[in-house]
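Below, each chain spelled out in residue letters.
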Amino acid sequence: MRDFEYLEPRTIKEAVQLLQQYRDEAKVLAGGQSLLVMMRQGLIDPSHVVSLEHIEVLRGIHRDGQRTIIGAMTTHDEVSRSPLVAARGAPLAQAAGKVGSPHVRNLGTLGGNLCHAEVGADPPPALIALGAQVRIAGPNGERVLEVEQLFKGFLETVVQSDEVLTRVEIPDPPEGAVGVYLKHTLRSVDRALVGAACLLQLGSDHLCRDVRLGLGGVAATPLRARKAEAALRGQRLTAALAEAAGEVAMGEVSPISDAHGSADYRRKMVKVFVKRALTEAAAQAGYRL
Amino acid sequence: MKTPIELKVNGELFKLEVEPRRLLLEALHDDLGLTGARRGCDDGFCGACTVILDGKAVHSCSVLAVAARGKEVITVEGLARNGQYHPLQAAFVEHGALQCGYCTPGMLLTAKALLDKNPQPTELEVRTAISGNLCRCTGYKQIVQAILSVARKKS
């Protein structure tokens with residue numbers, strides 16, 4: 001790497017000021033598990049690195065009314081072990097527990113993962129299924145976005161070079177809702193070939209009252225499988241319907257072929273994992289499809 | 001521009017002058033002569049560079065030395081005491097849990113970090129803990145057995 005200036009702001013305001021000052025010359029450093037890898041590989045070489053390490057208010061998980069708030073600098077390990085997240089955001093707890101490796105999870109942060117926007121990242125589809133939002137701080141104040149709106153393209157988010165993603169906010173799922181995150185990958189350290197998350201509300205007689213499906217790894221950005229959801233909503237959830245929803249989801253994705261798998265394979269796995277996610281979620285509610 | 005940092009490595013306090021771009025792995029190699037941590041993949045996932053940082057197993061290739069300021073690092077060189085193998089090292093030898101040895105420092109430290117927090121792990125917990133340490137030689141079975149044998153001895 002080329003040498004850079006290492007800046008250690010103590011507050012969000014200070015961080016934003018530094019980013020405003022250095023703009024495209026600066027990169028934000030969270031856990032370093034993506035940024036430093038890319039810098040070592042020469043893919044990016046900022047002249048200034050703004051570390052968020054000392055901004056305590058960015059860490060931690062707490063309740064706020066009917067929401068769970070996760071600071072952007074909270075590590076994946078902390079998210080995966082949090083009783084608060086387990087209780088009200090189980091798909092995210094599962095996703096966080098599958099990021100990279102334990103080593104990566106010890107330092108890697110939720111905010112960093114979201115801002116890096118890697119294809120096959122685990123938290124984004126889980127957060128989309130949970131209907132979560134992110135808060136972004138900039139020179140003109142704060143803005144709140146749905147997680148789905150955060151992603152613009154391959155490794156690209158709408159976070160500007162003078163902004164900092166400060167926290168993730170997860171609204172409480174409806175009473176009785178169940179959810180999972182499943183990761184299809186050949187080696188556990190890899191990104192997801194398919195990441196499938198669902199949040200499911202079942203009524204009497206297996207009626208699907210509502211459902212949210214998040215998919216990762218199968219398009220340039222994580223996405224919400226709205227057509228597959230529409231095929232499920234208001235219907236009795238059966239194995240056949242889950243499979244049909246998986247089939248619909250196949251038409252909503254645009255995976256690429258690379259060393260880890262062909263586009264055709266990934267597309268077929270979308271169907272498998274959407275069905276599996278629905279099946280496992282339903283099992284949590286006591287229904288065997 | 002170099003910055004002074006102080007950090008503890010294997011129980012000893014060191015004062016170093018490092019550029020911000022210096023990785024912890026590089027500082028260990030070039031400033032401290034500790035070459036046990038290996039450079040394996042340049043991609044942040046193989047675990048050959050594993051060290052224990054404030055009690056957590058991390059990839060030293062993905063940590064800046066300046067970020068380790070004020071923290072405690074344990075490397076494989078810090079395991080043996082007075083010429084005696086650490087129980088994990090002895091178990092690895094006994095169980096044939098190494099062949100080329102390249103992944104071994106990382107494996108040992110990951111195992112130590114695990115047992116320090118979870119003295120009686122299940123086999124699944126051991127396998128999960130070392131899922132970030134790739135081994136090309138052994139097929140992992142003897143490594144898992146070695147780690148479990150140390151856990152069993154302590155109980």
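The rules behind each value
Residues numbered from 1 in each chain as written. Chains lettered and ligands numbered in written order. Predicted model: local features only at pLDDT ≥ 70, side-chain atom pairs only at ≥ 80, totals over all residues. Heavy atoms only, no water. Buried < 20%, exposed > 50% of the residue type's maximum accessible area, 1.4 Å probe, protein only. Helix = DSSP H or I, 4+ residues; strand = E, 2+ residues; numbered from the N terminus. Pairing = 2+ DSSP bridges. Patch = residues over 30% accessible without salt bridge, like charges linked within 9 Å, V, L, I, M, F, W, Y side chains within 5 Å. Areas by Shrake-Rupley, 256 points an atom, 1.4 Å probe, with all protein chains shown as cover. Salt bridge = Lys/Arg side-chain N within 4 Å of Asp/Glu carboxyl O. Contact = heavy atoms within 4.5 Å. Buried area = accessible area lost by both parts, 1.4 Å probe. Polar contact = N/O pair within 3.5 Å; in protein donor to acceptor, adjacent residues only side chain to side chain. Axes fitted to C-alpha atoms, helices over the stretch in contact; angles between N-to-C directions. pLDDT = per-residue confidence, 0-100.

(A) Local environment of the pairing of strand β5 (residues 67–71) of chain A. Residues and elements named next belong to chain A. In terms of burial, β5 is a largely internal element, 4 of the 5 residues being buried. As defined by bridge partners, strand β4 (residues 61–64) adjoins β5 across 4 bridges and the pair is classed as antiparallel. Along β5, the bridge assignment pairs D64 with R67. Strand direction decides the pairing type here: β5 and strand β10 (residues 164–171), joined by 5 bridges, are antiparallel. Opposite R67, over in β10, you have P171 as the bridge partner.

(B) Spatial organisation of a nonpolar patch on the surface. On the surface, a nonpolar cluster with roughly 300 Å² of combined accessible area is contributed by Y85(B), V93(B) and L98(B). Turning to its location among the elements, V93(B) is positioned in helix α2 (residues 87–95).

(C) Highlighting the interface of chain B and chain A. Taken residue by residue, the interface counts 30 residues in chain B and 25 residues in chain A. Regarding the contact of chain B and chain A, the summed buried area is about 2,300 Å², with carbon and sulfur atoms giving 55% of it. On the chain B side of the interface with chain A, the three residues burying the most area are R21(B), S62(B) and L64(B), jointly 23% of the side's total. Inspection of the chain B/chain A interface yields 3 salt bridges. In this structure, K71(B) engages E53(A) in a salt bridge whose closest nitrogen and oxygen atoms are separated by 2.9 Å. The interface formed by chain B and chain A holds 13 residue pairs in polar contact (both at pLDDT 80 or more) in total. Of all the elements in the fold, those that place two or more residues in the side of chain B that touches chain A are β4 (56–59) and α4 (123–129) of chain B. Of the residues forming the side of chain B that touches chain A, the biggest block, 4 residues, is contributed by β4(B).

(D) Broad picture of the sheet that holds strand β1 (residues 5–7) of chain A. All names here are of chain A. Read from one edge of the open sheet, 3 strands run β1-β3-β2, paired in parallel fashion. Where the open sheet ends on each side, the last strands, each with one partner, are β1 and β2 (26–29). Each neighbouring strand pair of the sheet contributes to a mean axis angle of 25°, computed without reference to strand direction. Against the sheet, helix α1 (residues 12–22) touches β1, β2 and β3 (48–51), its axis set at about 165° to β3.

(E) Local environment of the confidence of the model for chain B. Per-residue confidence for chain B gives a mean pLDDT of 97; residues scoring 70 or more make up 99%. The ipTM value of the predicted complex is 0.97, and its pTM value is 0.97.

(F) A look at the environment of L25(B). Residue and element names in this part refer to chain B. Within the fold, L25 resides in helix α1 (residues 24–31). A relative accessible area of 4% means that L25 is categorised as buried. For the pair L25 and A65, spaced 40 residues apart in the sequence, the C-alpha separation amounts to 7.9 Å. Each residue touching L25, except ones within four places of it in the same chain, is listed here: A37, R38, R39, C49, S60 and C61.

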